[in-house]
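Understanding the architecture of this molecule
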Amino acid sequence: MPESGTLRLPPRVHFGYGSRLLLPEIVAPHGKRVLAIVDPFLLSTPFHDELLDGLRGLDVRVHSDITPELPVDTLDAAGAIAREHGTDVIVAVGGGSALDAAKLVALLAAHGGPLRRYYGENLVPGPVLPVVALPTTAGTGSEVTPVAVVSDPERELKVGISSPFLVPAAALVDPELTLGGPPRVTAYSGIDALVHAVESYTARAFDHDPAAPLPVFTGRNALTGPVSLLAARHLGPWLPVAVASPGDRQARAEVAKGALLAGIAFGSTGTHLCHALQYPIGALTGTPHGLGTGLLLPYVLDAVRADGETAARIAELGAALQGTAVSTVDDTIARVVDINRAIGVPASLADIGVRREDLPRVADLALGVRRLVGIAPIEASRDALLHILESAYQGVV
Ligand code: NAD
């Protein structure tokens, strides 16, 4: 384990049933003009009125035109509303798509568009509007991370904008907001959180020159490791329960806590091969982000075990997932396969419409996502990626 560490976090993070009720207190110091970016599902729930009630006395505009997986051209209208309203602070309530939308609208309002100017790392020129984020899925960790992801129809893969300026001003993680989530949303967002825990724990470690600027994603470090393991400990036993019994309040709380912790860890380390490969697969198949990253996880673990130190770390993750003192790489992979089966994540890329002839193009596109493949604990050559993809296509670890 490297000796130096970084956790890049919002100044305020609150977790627990009822934490959403802190919203008025958290918003007040930021100003009076509020843009509420609200996931469309919320409009038909009591949370919408409760939200507006909490913001009474402030000048609130509501925007709820959010499309899952966030096509980039759907954000311009919200950016224009934010500017025209003279917005002081954005309140974001919803899944990762709504939270990412809010972060990008905060960017558009502060620095103008088009968003493709900022694709990549550290291209945001300065602070953006403050965002107070309330996730309604337990998965992406977007409420604490420095990244937002969009689908761009002009690109063959999803694109990230990463900058410390995109870390929200506050995160209120209230499991109550996730209770109504349907099993598929719970499954795909929850398995994505598990991938965050695994990829942050197995990320490459780098020696950073303390005098040089810190990259957005540092690789694994002395502070992230314990957080990743703790996330796995909450998610492993409880994700299948939350999918099978959506009203189980303890399961929802455990998964929400695990997803938050995984977000805190990967928001500093970055993620690696499941994510690099999901970007082109998501664009090709139009499937949800977590379905793709979760499907790929057993195959990526099987590839990165080639590195001895990483194999030991995978076994540690296995023990956390199973709540045992020790585990092995084989048992860890078997546990991940079991979780995927239990929650309905398909086993093979063929099941989600990928054809064998697509694999070389997917590998080439994933190789281009340097910020992700560079964090993998093995040398992610084209052959290594093709091997992962071929196994995932056949559905055999
Ligand atoms: P999502 O936000 O796309 O939501 C999926 C569906 O679930 C939507 O129809 C939404 O309306 C609905 N929904 C959300 N919460 C609900 C609830 N409580 N009850 C009922 N319906 C609900 O899904 P997601 O998995 O949260 O987010 C995926 C997006 O997040 C992708 O675009 C992905 O690329 C991005 N992402 C971002 C980060 C980050 O750090 N910024 C990390 C991982 C993924």
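Look up a bit, the structure's there.
I will try to describe carefully the structure that is included in this document. These figures come from a predicted structure and were not determined experimentally.

1. Things to note about the overall build of the protein
Counting secondary structure elements, the protein contains 14 helices and nine strands. Whereas a compact globule of 397 residues would reach a radius of gyration of roughly 21 Å, the protein reaches 20 Å, a difference of no more than 12%. Dimensions of the protein, computed from the C-alpha atoms along their principal axes, are close to 60 × 45 × 45 Å. Put simply, 80% of the contacts in the protein that link residues at least 6 apart link residues at least 24 apart. When the accessible surface of the protein is summed, it comes to about 14,800 Å², and 55% of that surface belongs to carbon and sulfur atoms.

2. Things to note about the packing of helix 10 (residues 308-322) against helix 11 (residues 329-343)
Contact geometry of helix 10 with helix 11 gives a least axis separation of 8 Å together with a crossing angle of 50°. Taken together, the axis directions place helix 10 and helix 11 in an arrangement best described as oblique. The handedness of the crossing between helix 10 and helix 11 is left-handed. Between helix 10, through Ala-311, Ile-314, Ala-315, Leu-317, Gly-318, Leu-321 and Gln-322, and helix 11, the contact on the second element is made entirely by Val-329, Asp-331, Thr-332, Arg-335 and Val-336. Looking at the contact of helix 10 with helix 11 residue by residue, the class counts come to seven nonpolar, three polar and two charged.

3. What about a nonpolar patch on the surface?
Residues Leu-7, Leu-9, Val-13 and Leu-223 make up a contiguous nonpolar surface patch of roughly 280 Å² in combined accessible area. Inspection of the secondary structure puts Leu-7 in the segment before strand 1 (12-15). Under the relative-accessibility criterion, Leu-7 is labelled partly exposed at 33%.

4. What about the sheet that holds strand 8 (residues 159-162)?
Sheet architecture is open: three strands sit in the order 5-8-7, paired in mixed fashion. The open sheet has two edge strands with one neighbour each: strand 5 (120-121) and strand 7 (147-150). Two elements, strand 7 and strand 8, share four bridges in a ladder whose sense is antiparallel. In the sheet register, Ala-148 faces strand 8, and the bridge partner there is Ile-161.

5. Looking at the packing of aromatic side chains
Going through the model one piece at a time under the given rule, you end up with zero aromatic pairs. The lysine or arginine in question, Arg-249, covers the ring of Tyr-17, its NZ or CZ lying 4.1 Å from the ring centre.

6. Structural notes on the nonpolar core
One finds Leu-273, Leu-277 and Leu-349 to be the most contacted residues of the largest nonpolar core, which totals 83 residues. Each of two domains, domain 1 (19-173) and domain 2 (183-394), supplies a minimum of three residues to this core. When neighbours within four sequence positions are excluded, Leu-277 is seen to be in contact with Leu-296, Val-300, Val-362, Ala-366, Leu-385, Ile-388 and Leu-389. Residues Ile-37, Leu-75, Ala-98 and Tyr-119 belong to the second largest nonpolar core, which totals 34 residues.

7. Considerations on the pattern of salt bridges
In this structure the tally under the stated criterion is 18 salt bridges. The salt bridge involving Arg-116 is made with Asp-152; its shortest N-O contact spans 3.6 Å. Residue Arg-116 is found in the loop between helix 4 (96-111) and strand 5, and its partner Asp-152 is found in the loop between strand 7 and strand 8; the two are separated by 36 residues along the sequence. When its relative accessible area of 37% is taken as the criterion, Arg-116 is described as partly exposed. Taking the relative accessible area as the measure of exposure, Asp-152 reaches 3% and is therefore buried.

8. With respect to the sheet that holds strand 4 (residues 89-94)
The strand order 1-9-6-4-2-3 describes an open sheet built from six strands, whose pairing is parallel. Every other strand in the sheet has two partners, leaving strand 1 and strand 3 (59-63) as the edge strands with one partner each. Here the strands of the sheet are splayed against their neighbours by 15° on average, with no regard to which way each runs. Pairing analysis gives five bridges linking strand 2 (residues 33-38) to strand 4, with the strands arranged parallel. Bridge pairing in strand 4 links Val-38 to Val-93. Lying on the sheet, helix 3 (residues 76-84) is in contact with strand 2 and strand 3; it crosses strand 3 at an angle near 175°. Contacts from helix 7 (residues 249-269) reach strand 1 and strand 9 (170-173), with the element oriented near 160° to strand 1.

9. So, the site of the ligand
For the ligand, the set of nearby residues contains 28 residues, the closest of which are Asp-39, Gly-96, Ser-97, Thr-137 and Thr-145. Here an oxygen atom of the ligand and a side-chain polar atom of Asp-39 are 2.5 Å apart. Contact with the protein chains removes 87% of the 870 Å² of surface that the ligand exposes when unbound. Secondary-structure elements contributing two or more residues to the shell around the ligand are helix 4, strand 7 and helix 5 (183-201). Taken together, the residues of the shell around the ligand sort by class into nine nonpolar, 13 polar and six charged.

10. A short note on the pairing of strand 3
One face of the sheet, then the other: side chains in a regular strand alternate in exactly this way. Summarising the sheet, strand 2 and strand 3 pair through five bridges and their orientation is parallel. Bridging from a neighbouring strand, Leu-35 pairs with Arg-61 of strand 3. A crossover links strand 2 with its parallel partner strand 3, the connecting element being helix 2 (residues 46-54), and its sense is right-handed.

Criteria and thresholds
- Residues numbered from 1 in each chain as written.
- Predicted model: local features only at pLDDT ≥ 70, side-chain atom pairs only at ≥ 80, totals over all residues.
- Heavy atoms only, no water.
- Helix = DSSP H or I, 4+ residues; strand = E, 2+ residues; numbered from the N terminus.
- Rg over C-alpha atoms; globule rule 2.2 N^0.38 Å.
- Contact = heavy atoms within 4.5 Å.
- Areas by Shrake-Rupley, 256 points an atom, 1.4 Å probe, with all protein chains shown as cover.
- Axes fitted to C-alpha atoms, helices over the stretch in contact; angles between N-to-C directions.
- Parallel < 35°, antiparallel > 145°, perpendicular 65-115°, else oblique.
- Left-handed = near helix turned anticlockwise from the far one by under 90°.
- Nonpolar A, V, L, I, M, F, W, Y, C, P; charged D, E, K, R; others polar.
- Patch = residues over 30% accessible without salt bridge, like charges linked within 9 Å, V, L, I, M, F, W, Y side chains within 5 Å.
- Salt bridge = Lys/Arg side-chain N within 4 Å of Asp/Glu carboxyl O.
- Buried < 20%, exposed > 50% of the residue type's maximum accessible area, 1.4 Å probe, protein only.
- Pairing = 2+ DSSP bridges.
- Phe/Tyr/Trp six-rings, centres within 6.5 Å; stacked < 30°, edge-to-face > 60°.
- Lys NZ or Arg CZ within 6 Å of the ring centre and 35° of its normal.
- Core = buried A, V, L, I, M, F, W, Y, C linked by side-chain atoms within 4.5 Å.
- Domains from an automatic or database assignment.
- Near = heavy atom within 4 Å.
- Polar contact = N/O pair within 3.5 Å; in protein donor to acceptor, adjacent residues only side chain to side chain.
- Right-handed = clockwise from strand over helix to strand, strands pointing away.

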